[in-house]
Amino acid sequence: MSTGTTTGTDAEVELSIGGMTCASCAARVEKKLNRMDGVTATVNYATEKAKVSYSGGVSVGDLIATVEATGYTAQEPAPPAERTAEAPESDELRPLRERLVTAVVLSVPVVAMAMIPALQFEYWQWLSLTLAAPVVTYAAWPFHKAAFTNARHGAATMDTLISVGTSAAFLWSLWALFFGTAGTPGMTHPFELTIERTDGAGNIYLEAAAGVTAFILAGRYFEARAKRKAGAALRALLELGAKDVTVLRDGGREETVPVTDLKAGDHFLVRPGEKIATDGTVIEGSSAVDASMLTGESVPVEVSSGDPVTGATINVGGRLVVRATRVGADTQLARMARLVEDAQNGKAAAQRLADRISAVFVPVVIALALGTLGFWLGNGVGLTAAFTAAVAVLVIACPCALGLATPTALMVGTGRGAQLGILIKGPEVLESTRRVDTVVLDKTGTVTTGRMTLLAVHTADGTDEAEVLRLAGALEHSSEHPIARAVADGALEKLGELPAPEDFANVPGLGVQGVVEGHAVLVGRERLLADWAMGLPEELARAGAAAEEAGRTAIAVAWDGAARAVLEVADAVKDTSAEAVGRLRALGLTPILLTGDNAAVARSVAREVGIEEVIAEVLPQDKVDVVKRLQAEGRSVAMVGDGVNDAAALAQADLGLAMGTGTDAAIEAGDLTLVRGDLRAAADAIRLARRTLGTIRSNLFWAFAYNVAALPLAAAGLLTPMIAGAAMAFSSVFVVGNSLRLRTFRAAG
């Protein structure tokens, strides 16, 4: 099935791009595609997707051919339904993991023998060659392949630096072993950091070639593992829907079929507690539907015959018969999955700093190596000594610490974050935290608890609050409606136990009625009391109106022919939300409350936590547009949310923070996950991510600084294998030590 869509003369297709090793690869593919007539393309390194609009005589085949001519692979991805059956991500990472394990197992003895003279037995150098050869060829193959692709396009990245450095070290070691004096039995590398000129015929650099490959493969593996999670948001969204559905066939016969077999126009049954299989219209029955995961509305929606319902929402009340109106890719859930994918695809991955440095550093190093070779040949020191100095420049320029700079800081930072309930997805996330200036907060489940809570009890003169809670709580305890659960839970919390009702009946859309301890009790909307010719006393009517004005739900309670109380139920604000908003402001962020709930509720919550800007009554698909509008105003936006309705906005935002108490779809679409569900963790997460980014930057500086400092020694022909190994070890130790400082990070307060 093609994912391409056509609108008039314009068509759109999404391609899966293979073979990209860094952000500059994505930039190169994008540039080539955009050079084609009538083509507009964006390529995302993180999701390995290219979104292409094309017109005129261009075909999908032409687009794929252009990508392949650039040195990468391209194909149309499988439809979402087929993607869920794909092999797990661990299988996708298997080739990289196999190369990493090979490199680590074989390079450890090579490095140990080179650095510890006591391990240098008579033929140690030949064992080193045997062990290092698979590392430099098989394990390092992705670097060599990428370097070749880069060279064809006149570009240089970190892959070029790794490939040139490891190849130079390995090839020189081969020459020294077979044609120089390094292969002599009993040859040793003495443990001394003396600076003296040598012709290099007795020097081997196998530990540098093997060690660098192992270190940098480790970094790539951890980065790739984080990057592979980009598609998990879509899987989580698609798995939210019902798997099976009870269809009503001729004569009302019930038949359970997979939801994929459902067709528009089919009538299907939804029992209490079940998910609604697809978008449709109620044709029989009435109930309350919990749509909070899609809409963010904490109050369930009452539905009856003729009302529309949305797939993946939950029927919490009575039995419904629904006529399917939209199925498969047309449903609201599927459209939201596409919104998430589009947002992820359009989100520019942070260009890796190491690649930006390498683009300048590699040509400079190669020019310096050639200059060194020419200088020493011109000074008549001999071909061997001149080549020794030139190769030493290439070897010392390949810093293994560069491969450690990002993963070590990320591992320590993410480890410390996990202890504090903060999960960081990957290195590209960190760049965003430095720039964000606006934080958009979802209301339900983020600033508030996300569940209905009994907040206040207003009683008529002469009525005891405990008696109101006992009678109303007993009746509501028999109902599954979320508002009823809030009343029952509030009553249980205060009284400890509740009597069992002698009679109970649900009044659809209005409330419940029954007999408790011999009293005829009504609990529900004011209209329910009116049906029994009962009105609210003036003070209770005022309390109810004030509650509704503040965005809360007012519930009337009556027994024995008289209205006795009004209960206030609402989605309660978390105790820590106001403090969290203050901390976010202290980080230089402007908070905005964004919700699908009504404006009165939103303003009430915003006042309570200290937020001035409120955007309310926003449909799920429009949340993405709000984030885009803020970005168009020049703001860098962080989004904090927990529901399916937030997933696309989390993916679109420059930085997505998902509450760990929320849905899998939101968690997978976010860049940072706050495990505790405490909004204060959002401020801690941004602080930790900024600190981790600062550590990575200082690591990269020192990774280059040590090697740049040793370059003059190499160019002067004074670099011995021990100095090369020491520079590699010292820079690596510094980088690891600098990263370990992140363990001291503390949560505020």
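Residues numbered from 1 in each chain as written. Predicted model: local features only at pLDDT ≥ 70, side-chain atom pairs only at ≥ 80, totals over all residues. Heavy atoms only, no water.

- An unreviewed UniProt entry lists the chain under the name Cation-transporting P-type ATPase B, with Streptomyces qaidamensis as the source organism.
- For the chain, the Sequence similarities (unreviewed entry) comment in UniProt is given as "Belongs to the cation transport ATPase (P-type) (TC 3.A.3) family. Type IB subfamily."
- Here is the UniProt Catalytic activity (unreviewed entry) comment for the chain, exactly as written: "ATP + H2O = ADP + phosphate + H(+)". (UniProt positions renumbered as here; feature names shortened; annotations may be inferred.)

### Topic: the overall build of the chain
So, step 1. Check the secondary structure of the chain and you find 28 helices and 27 strands.
So, step 2. For the chain, long-range pairs separated by at least 24 residues make up 70% of all intrachain contacts whose partners lie at least 6 apart in sequence.
So, step 3. In the structure as shown, the chain presents an accessible area of about 30,600 Å², 56% of it carried by carbon and sulfur atoms. (Helix = DSSP H or I, 4+ residues; strand = E, 2+ residues; numbered from the N terminus. Contact = heavy atoms within 4.5 Å. Areas by Shrake-Rupley, 256 points an atom, 1.4 Å probe, with all protein chains shown as cover.)

### A look at the packing of aromatic side chains
For any pair of aromatic rings, geometry is given as the distance between the ring centres together with the angle between the planes.
So, step 1. Tallied over the entire structure, the rule returns five aromatic pairs.
So, step 2. Aromatic pair tryptophan 702 and phenylalanine 734: ring centres 5.0 Å apart, planes at 50 degrees, arrangement tilted. With tryptophan 702 in helix α27 (residues 680-715) and phenylalanine 734 in helix α28 (residues 721-740), this residue pair connects regions lying 32 residues apart in the sequence.
So, step 3. Its relative accessible area of 30% is what places phenylalanine 734 among the partly exposed residues.
So, step 4. By way of ring pairs, the aromatic residues Phe701, Trp702 and Phe734 are connected into one cluster. (Phe/Tyr/Trp six-rings, centres within 6.5 Å; stacked < 30°, edge-to-face > 60°. Buried < 20%, exposed > 50% of the residue type's maximum accessible area, 1.4 Å probe, protein only.)

### Details of the pairing of strand β9 (residues 279-284)
So, step 1. Where β9 meets strand β14 (residues 320-326), five bridges bridge the pair, whose relative direction is antiparallel. Note that in β14 the partner of glutamate 284 across the bridge is valine 321.
So, step 2. Sheet analysis places β9 next to strand β12 (residues 308-309), joined by two bridges and oriented antiparallel. Within β12, the residue paired with threonine 281 across the bridge is proline 308. (Pairing = 2+ DSSP bridges.)

### Remarks on the side chain of histidine 481
So, step 1. Looking at the secondary structure, you find histidine 481 in the loop between α18 (465-476) and α19 (482-495).
So, step 2. Taking relative accessible area as the criterion, histidine 481 reaches 17% and is therefore assigned buried.
So, step 3. In terms of polar contacts, histidine 481 uses its side chain to reach the side chain of glutamate 302, at 3.0 Å.
So, step 4. Apart from the residues lying within four places of it in its own chain, the contact partners of histidine 481 are Ala288, Pro300 and Glu302. (Polar contact = N/O pair within 3.5 Å; in protein donor to acceptor, adjacent residues only side chain to side chain.)

### Structural notes on the confidence of the model for the chain
So, step 1. Here the chain shows a mean pLDDT of 80. Residues at 70 or above account for 83%.
So, step 2. Summarising per-element confidence for the chain, the mean pLDDT is lowest in strand β1 (residues 5-7) (43) and highest in helix α6 (residues 124-139) (94).
So, step 3. Predicted confidence for residues 1-8 stays below pLDDT 50, and this span has 14 contacts to residues more than four positions away or in other chains.
So, step 4. Here residues 347-351 scores under 50 on pLDDT; set against residues more than four positions off or in separate chains, the count is 15 contacts. (pLDDT = per-residue confidence, 0-100.)

### Details of the UniProt feature "transmembrane region" (unreviewed entry) in the chain
So, step 1. What UniProt calls "transmembrane region" (unreviewed entry) maps, in this numbering, to residues 100-117, 123-141, 161-184, 204-222, 357-377, 383-406, 700-716 and 722-740.
So, step 2. Here residues 700-716 is 94% helix and 0% strand, with 25 Å between the C-alpha atoms at its ends.

### Looking at helix α22 (residues 577-586)
So, step 1. For α22, the set of buried residues is Ser577, Ala580, Val581, Arg583 and Leu584. Viewed end-on, α22 has its buried residues packed into an arc of 160 degrees, placing them on one side of the element.
So, step 2. Buried-residue contacts for α22 involve β16 (438-442), α17 (443-447), β22 (562-573), β23 (590-594), α23 (599-609) and α27.
So, step 3. Once α22 ends, the next one or two residues include glycine 588, with phi positive near 85 degrees. (Arc of directions from axis to C-beta.)

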